[in-house]
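Descriptive structure summary
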Amino acid sequence: MVCPGRSLVKTILVLIVSVLGTSLAQAAPIVIKFSHVVAPNTPKGIAALEFKRLAEMRTKGRVRVDIYPNASLYKDKDELEALQLGAVQMLAPSLAKFGQLGLKDYEVFDLPYIFPSEKVLHEVTQGEIGHALLDQLSSRGILGLAFWDNGFKVMSSNSPLRLPSDLKNKRMRIQPSRTLEAQMNELGAISVPLAFSDVYPALQSGLVDGTENPPSNFYTQRMQEVQKYVAVTNHGYLGYAVIVNKKFWTSLPGDLRVILEQCIADATQKNNDEAAKLNKAALDAIRKSPGVQVVDLTPQERETWRKALAPVQVKMEGRIDRNLIEQIKSLSENR
């Protein structure tokens, strides 16, 4: 029997190591498709990009995050189904969307004037109430990772707007939400549910007369071009839940999940820091836009809005867990 020479053995070993090394180096990264419906320069858009940066850096290329902003991959009405089917791995939909999945308690975030301050809001989203709400998603094949702020909403219209009665018989775009529908009904307005990407053309064509949005969404979607009046009502909150496909997330190696969850935590802080700054800057820019009148309410006028919308909380107690509403109100009262 002839034994191969040492030089041949060495050559074979070098080839094996080289092939294995090349194979490992060329291993395809795990791809996370992250779809959202707003502009990249909004709080959510910036936080999504921050998550991408952190995830790709900290996993040393084992994970790649592909961001699809401005509903370029899925619109509002399609994205949750796409996530459940695994066609996309990560979303940050507005909290109003979860009522469509039968998770009616999420509409507590749509109740007008339920949060008297950002401090109370964060006690909810970052505390036991928030964790319990995220846990509800598991039964739908979804894992909730965090809440992201956008901010408090202003009302807009193409006719003078200062008091609740000014919206009577106006066609107002809303997100699909029974609570938001009840809010507009209480104001005597006509609710028109529309995907976010359809709002600008709907305002431009006159299909709707007005809408409600945090200033950052209003400004980045150029609604100041098609709306003449903005009232700084701060009547409602718009936030998002960062969610992932449960099957995909649990299939990831444990060490990657730990890294990615910390990336989400850091991106959450980035989002919430940016939200306050961007909304202030956006409102300032709207004030300077030609043809737009921004109305700052007096304390008396703001109280008129509160009283006009107070019945919504009572009417929604049959849809949203009354104990949940009372828990949040109790936090407010103790401040």
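Below, the structure is looked at part by part. (Residues numbered from 1 in each chain as written. Predicted model: local features only at pLDDT ≥ 70, side-chain atom pairs only at ≥ 80, totals over all residues. Heavy atoms only, no water.)

**Thoughts on the nonpolar core**
Which entries qualify depends on this criterion: As used in this record, nonpolar core signifies buried Ala, Val, Leu, Ile, Met, Phe, Trp, Tyr and Cys residues forming a set joined through side-chain atoms within 4.5 Å. Residue exposure (1.4 Å probe, protein chains only): buried if accessible area is under 20% of the type maximum, exposed if over 50%, otherwise partly exposed. For this analysis, residues touch if any pair of their heavy atoms sits within 4.5 Å.
Judged by nonpolar contacts, the single largest core of 51 residues is most densely connected at Phe98, Tyr106, Phe109, Phe115, Ile243 and Trp305. Excluding residues that lie within four positions of it along the chain, Phe109 makes contacts with Leu95, Phe115, Val124, Thr125, Leu133, Phe147 and Tyr237.

**A closer look at helix α2 (residues 43–58)**
Put simply, the rule is: Only DSSP runs of H or I with at least four residues qualify as helices, and only runs of E with at least two residues qualify as strands; both kinds are numbered from the N terminus onward. Helix span, expected: 1.5 Å multiplied by one less than the number of residues in the helix.
An ideal rise of 1.5 Å per residue puts 22 Å on 16 residues; α2 measures up with 22 Å between its terminal C-alpha atoms. Pro43, Lys44, Gly45, Ala47, Ala48, Glu50, Phe51, Leu54 and Ala55 are the residues of α2 that are buried. Among the residues trailing α2, Lys60 stands out with phi positive, at a value near 55°.

**Topic: the pairing of strand β6 (residues 171–174)**
Rules: Should DSSP find at least two bridges between two strands, the strands are taken to pair. Looking down the strands as they point away from the viewer, one classifies a crossover as right-handed if the path from the first strand across the helix to the second runs clockwise.
Bridge analysis of β6 against strand β7 (residues 190–193) gives 4 bridges, and the strand direction is parallel. Across the sheet, the residue bridging to Met172 is Ser191, located in β7. Considered for its hand, the β-α-β crossover made up of β6, helix α6 (residues 178–186) and β7 is right-handed.

**Observations regarding unusual backbone geometry**
Residue Asn70 is not a glycine yet carries a positive backbone phi of 55°. Within the fold, Asn70 resides in the loop between β2 (63–68) and α3 (76–85). Since its relative accessible area comes to 39%, Asn70 is described here as partly exposed. Look at Tyr113: it is not a glycine, yet its phi comes out positive at around 55°. In this structure, Tyr113 sits in the loop between β3 (90–91) and α4 (118–125). Residue class for Tyr113 comes out buried when judged on its relative accessible area of 13%.

**Some details on the packing of aromatic side chains**
Threshold: A pair of Phe, Tyr and Trp rings is counted when the ring centres sit within 6.5 Å of each other, with Trp represented by its six-membered ring. The angle between the planes then sorts it: under 30 degrees is stacked, over 60 is edge-to-face, the rest tilted.
Applying the stated criterion to the full structure yields 8 aromatic pairs. The interplanar angle of 40° and the centroid separation of 4.7 Å between the aromatic rings of Phe98 and Tyr106 together place this pair among those described as tilted. The exposure class of Phe98 is buried, given its relative accessible area of 0%. Overall, Tyr106 belongs to the buried group, its relative accessible area being 0%.

**Quick look at the layout of surface pockets**
What counts is decided by this rule: A cavity here means a set of points on a 1 Å grid, drawn over the protein atoms and nothing else, where a 1.4 Å probe fits but cannot get out; a pocket is an open set with protein on both sides within 12 Å along at least five of seven lines, and a residue lines either one if it has an atom within 4 Å of a point. Grid points are joined across faces, edges and corners, and a volume is the space filled by probe spheres set on the points. When residue character is reported, Ala, Val, Leu, Ile, Met, Phe, Trp, Tyr, Cys and Pro are called nonpolar, Asp, Glu, Lys and Arg charged, and the others, Gly included, polar.
When its volume is computed, the largest pocket comes out at roughly 360 Å³. If you trace the largest pocket, you find 27 residues lining it, with Gly151, Phe152, Pro215, Asn234 and Gly236 closest to the centre. Breaking the lining of the largest pocket down by element, the ones donating at least two residues are α4, β4 (142–152), α10 (254–288) and α11 (299–315). At 5 residues, α10 tops the list of elements feeding residues into the lining of the largest pocket. As a volume, the second largest pocket reaches approximately 240 Å³. In terms of lining, the second largest pocket is formed by 16 residues, of which the most central are His131, Leu134, Leu145, Ala146 and Phe147. Sorting the residues of the lining of the second largest pocket by element identifies α4, α5 (128–135), β4 and α10 as the ones contributing at least two each. Of the residues forming the lining of the second largest pocket, the biggest block, 7 residues, is contributed by β4. Split into classes, the residues belonging to the lining of the second largest pocket amount to 6 nonpolar, 8 polar and 2 charged.

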